[in-house]
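Letter by letter, the chains look like this.
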Amino acid sequence: MAENQAPKWGKHHAGAKELAKAYTPGIRLIDTLSVIIAGLLISFVFLCLCWHFHLNQLFGVLTLGFLAIVMADFSSGVVHWCADTWGSVNMPIFGRVNCSVY
């Protein structure tokens, strides 16, 4: 790469440096607490499903579980594709929020 050419990706990109400066210990704490709370909520929902489960519901549960996984994967892929294709740190509303997450 030429000396006068700025990198288009990686940790030396200007946008990556700007995002790294904005990732404070407070944001790290919020991220950690969010993961812990999500884990607790998922465990609670799983226990409720186990408590109220009947064997005659097995086909419906497996079918809806499979469809939920497919839809979550598809929608996550679309969001990542949009962020990679059109995302920029300099976007007015969603720039720093979306690019820092992905």
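Above this text is the structure in question.
This structure is a prediction, so every number in the text was calculated from the model and none was measured.

A. Examining the overall build of the protein chain more closely. Helix and strand counts for the protein chain stand at 4 helices and 0 strands. Listing every helix and strand of the protein chain by position from the N terminus yields α-α-α-α. Within the protein chain, the proportion of its 102 residues that are buried is 5%. Here the protein chain displays about 9,100 Å² of accessible surface, and carbon together with sulfur accounts for 72% of that area.

B. How the structure looks around the state of the cysteines. Going through the model one piece at a time under the given rule, you end up with 0 disulfides. Counting only cysteine sulfurs, Cys50 is the nearest neighbor of Cys48, a cysteine outside any disulfide, at a range of 9.4 Å. Residue Cys48 is classed as partly exposed on the basis of its relative accessible area of 30%.

What counts as what
Residues numbered from 1 in each chain as written. Predicted model: local features only at pLDDT ≥ 70, side-chain atom pairs only at ≥ 80, totals over all residues. Heavy atoms only, no water. Helix = DSSP H or I, 4+ residues; strand = E, 2+ residues; numbered from the N terminus. Buried < 20%, exposed > 50% of the residue type's maximum accessible area, 1.4 Å probe, protein only. Areas by Shrake-Rupley, 256 points an atom, 1.4 Å probe, with all protein chains shown as cover. Disulfide = S-S within 2.5 Å.

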